[in-house]
Every structure is written in C-alpha cells, then in structure tokens.
Amino acid sequence: MPKSRTLSRSILTALLTAYLAGSGTLALAQEEPALDIGKADTTERVVRPPETLDKTSKIDAKGAEATEPSSGITLFERMGAPLPALPPETEYKGPVDDAFGAYQRGLFTTALDKALPRAQLGDASAQTLIAEMMSRGLGTKRDPKTAAFWYGQAAAGGDPAAMFKYALLLMEGRDVERDKVKADEYMKKAADAGNSSAQFNWAQTLVADNPGEKGLKLALPYYEKSAEQGVADSQYAVAQVYNALADISAEKKAAARVWLARAAKAGFDTAQLDIGLWLVNGIGGDRDYDQGFNWLRIAANRGNVVAQNRLAHLYINALGTRPDPVEAAKWYVLSRRAGLKDPLLEDHYLGLTEEQQKKAIDGANKFRTG
C-alpha cells in the first residue's frame, strides 16, 4: 500500500484496541482475539444440529437447499443469440485537460510542459500534477522539496488531493517544517471536500485526539464516507465501530459484517482474519463454520500469524473442514515460529507420532505466503 494513502493500518488497530479493550466489547485481531474453539469446553461448537429436511428437499454441494430449475430460456438456447445494442455514449462537452491527458498516456515531459505555465498562473490542479511528477521523478529529476512547494501552492488553492498530500508532509515534517495545526486544517478540508484517503486519516486523527467513545463517534461519519468510496481500511473501521458502540442503530449493527467482508474481499488480511472469527463465533450474525474456515485459511496463507493459529484449532475441532491432525500441527508450527505460543496446540503437537510431527514440520518448511 502506498504510504501516502494512509498513515498506517496499525494505527487504526491500535486506536480501536485502546478504546475497546477498556470497554470489553471486542478484542481486535492483533490482540489475539478470543476464539470459541480450542478451549476445554468445545461441545457446543463441535456438535452440530442435524439437518431437518423433508423428502422433497434437495441439497447441493454446499449444503444449501436446491430450487427447481428456471422455466426461462436455457443457456444453450441463449448461445448465439444477438446481444442487445449498447446505449449510445453521451458526447462529452466538458473541458479537456491536455496536461493530465498526456500524463495518463505516459507522456510525462509533454504533461510537464503543458502544466507548468498553468501552474505559474495559479491553476491548483496543474500545480498538483507538477508536484506529483516532481515527487516521483516523472518527466523531470526527482525533487521532493520543490514538489512540496507546489503541493503547498495547490493546497492553498483548494485542490483536495494536494491538501491531503501537503497535510501528510506537514504532519511528518518531511521537506517542510512540521506543523500539526496546519496539517489538521488541510486534512479536514480535504476530507470535507470528499478525498477518501483524507477522510480516513482525519477520522484517525479524531480518534487519536479524542480518546474513548467520543472519538469513535466523531470519526465514524468520515470512516463511513471513505468506506463508501472503497477504502478497505475505512470499511474495516466501520465494521469494528458498528459492532463496538452500544447505541448504534440495529440497521448499522446488521451491516457490520457486510463492511468487514468488503474489507476482506479487498485483500485486507486483518479483515480476512476478523471475518473468519466473526463467522466461526457468530459475531454480527449467525455462525457459518465453512465460510469462517475459508476466510481464516486465506489469511493464514497470506502469512497472518493469528489466522494460522486459529486455523490449527479448526482442523483439530473439525469446524468447517474435516479433522486433520497433521495439517493442524503444520499451522501451529508456523505460528509458533512467529512467536505465538499456545499450550493446547503444543499438547496436540506432542501427542502426534514422530512420523506425523515430521510431516507437519516438512509442510511448514515448504510453506510460502501466497
């Protein structure tokens, strides 16, 4: 993830953990969230109620009740049929930005030549483009200090992207003098102007500056706006805050798992871990061991240590998968090597035969994150 897009995902987890740990409502993933499996009393989790089906019901491969086939047009009847005509494209009559167009086509020198005269006349969007190119060394020598100057000019001119970038520079004291007050001012302006990354970072600032429930409530509208624009960090934050706050509406409570799943599908491994735990433990909705197992396996294969540990428990308890003592031991070995101790899994490992232990170690040695 580019550094400029977010301060740090770890900041979000740390801030939420600081509040939620005190309330006791939720334990986040990095704090080794409590999982209902792998404990002494596993009867409730291991024993599943039998399926109750009448004689006419059918079960598909995933266990869902099958429906009768549609009486509409079949796939074979559809093949070869002409597709409906596409609607005519609306002619664009707005202004054309030649500089940005050249930039998008990779013609960086041309883009710089076209943007510079406009930037010198105070065009904020052209100033932002020049700043971006200079900061990355595109079409010109990389020059972070001059880039910072142009970001500052564009930010003063009201460009949301420049306000966000300049706020980060001011916050870090990089290539400009550190100024938190001015950084906060620009970050809020960029967030209010609709910049999704600024919305996330301004929410982070609000949580940091206002400990406890007050900060989460102030930050939530900005998290929500950013989440709607597809920022996975914000989608994760919305899910956690919805689930944590007691006075959130029932509608938002019900949407918490949806937002967490969106963050997980975007590739955020902590969200993949948490959605797996939520599904297994019945947080934010009904239990779904199969889907919980799938998400934990994805996170584990990406190298998430807590997911590797929890996946071992799932293999032992046959939750969402068939029991596999060797596979369980493999995931335990991987998590133990990363420093996550677990007495129950250690007992499981020591109870295996030497041949099974060797297979588990061989599997761990061959593991590569994917």
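In this report, we go over the structure that sits alongside the text.

As a packed pair, helix α16 (residues 305–317) and helix α17 (residues 325–337) sit with axes 8 Å apart at the nearest point and diverge in direction by 160°. In terms of their interaxial angle, α16 and α17 are classed as roughly antiparallel. Note on packing geometry: the crossing formed by α16 with α17 is left-handed. The segment α16 lies against α17, with Val305, Gln308, Asn309, Leu311, Ala312, Tyr315 and Ile316 engaging Glu327, Ala328, Trp331, Tyr332, Leu334 and Ser335. Grouping the constituent residues of the contact of α16 with α17 by class yields 9 nonpolar, 3 polar and 1 charged.

Here we take up the nonpolar core. Ranked by internal contacts, the top residues of the largest apolar core, which has 68 residues, are Tyr166, Met187 and Tyr223. A total of 9 residues in this core trace back to one element, the largest contributor, which is helix α8 (residues 160–172).

Moving on, we come to unusual backbone geometry. For Asp175, which is not glycine, the phi dihedral falls at a positive 70°. Tracing the sequence through the fold places Asp175 in the loop between α8 and α9 (180–192). With a phi angle near 55°, Ala318 is a residue other than glycine that sits in the positive phi range. Tracing the chain through its elements places Ala318 in the loop between α16 and α17.

This part takes up the packing of aromatic side chains. A ring pair, where both rings are aromatic, is described by two values, the distance of the centres and the angle of the planes. Throughout the structure, instances matching the rule amount to 9 aromatic pairs. Taking 5.8 Å as the distance between ring centres and 70° as the angle between the ring planes, the aromatic pair formed by Tyr166 and Tyr186 counts as edge-to-face. Of the two residues, Tyr166 sits in helix α8 while Tyr186 sits in helix α9, which places them 20 residues apart along the sequence. According to the relative accessible area criterion, Tyr166 is buried, its value standing at 12%. Summarising the aromatic geometry, the rings of Tyr332 and Tyr349 are spaced 6.4 Å apart at their centres and angled 55° between planes, so their arrangement reads as tilted. Here Tyr332 is found in helix α17, whereas its partner Tyr349 is found in helix α18 (residues 343–350), with 17 residues between them in sequence.

Moving on: the packing of helix α12 (residues 232–244) against helix α13 (residues 250–265). Geometrically, a packed helix pair is captured by the angle between its two axes and the distance between the axes. As a packed pair, α12 and α13 sit with axes 8 Å apart at the nearest point and diverge in direction by 150°. Here α12 lies roughly antiparallel to α13, going by the angle between them. In terms of crossing hand, the pair formed by α12 and α13 is left-handed. Between α12, through Ala232, Gln235, Tyr236, Val238, Ala239, Tyr242, Asn243 and Ala244, and α13, the contact on the second element is made entirely by Lys252, Lys253, Ala255, Ala256, Trp259, Leu260, Arg262 and Ala263. In terms of residue class, the contact of α12 with α13 is made up of 11 nonpolar, 2 polar and 3 charged.

Another point: the side chain of Asp342. With respect to the secondary-structure elements, Asp342 resides in the loop between α17 and α18. Summary of buried charges: Asp342 has no salt-bridge partner, and the nearest side chain of opposite charge, Arg310, is 5.1 Å away. A polar contact of 2.9 Å, which involves the side chain of Asp342, links it to the side chain of His313. For Asp342, the contacting residues outside a window of four places in its chain are Asn309, His313 and Tyr332.

Attention now goes to helix α11 (residues 213–228). Over its 16 residues, α11 extends 22 Å from the first C-alpha to the last, a length consistent with the 22 Å expected when each residue adds 1.5 Å. Maximum bend of α11: about 40°, positioned at Leu220, with proline Pro221 one to four residues after it. Those residues of α11 that fall on the buried side of the exposure criterion are Gly215, Leu216, Ala219, Leu220, Tyr222, Tyr223, Glu224, Ser226 and Ala227. At the C-terminal side of α11, Gly230 shows a positive phi close to 95°.

Rules used in this analysis
Residues numbered from 1 in each chain as written. Predicted model: local features only at pLDDT ≥ 70, side-chain atom pairs only at ≥ 80, totals over all residues. Heavy atoms only, no water. Axes fitted to C-alpha atoms, helices over the stretch in contact; angles between N-to-C directions. Helix = DSSP H or I, 4+ residues; strand = E, 2+ residues; numbered from the N terminus. Parallel < 35°, antiparallel > 145°, perpendicular 65-115°, else oblique. Left-handed = near helix turned anticlockwise from the far one by under 90°. Contact = heavy atoms within 4.5 Å. Nonpolar A, V, L, I, M, F, W, Y, C, P; charged D, E, K, R; others polar. Core = buried A, V, L, I, M, F, W, Y, C linked by side-chain atoms within 4.5 Å. Buried < 20%, exposed > 50% of the residue type's maximum accessible area, 1.4 Å probe, protein only. Phe/Tyr/Trp six-rings, centres within 6.5 Å; stacked < 30°, edge-to-face > 60°. Lys, Arg positive; Asp, Glu negative; His and termini not counted. Salt bridge = Lys/Arg side-chain N within 4 Å of Asp/Glu carboxyl O. Polar contact = N/O pair within 3.5 Å; in protein donor to acceptor, adjacent residues only side chain to side chain. Expected span 1.5 Å × (residues − 1). Bend = angle between axes of the 7 residues up to and from the residue.

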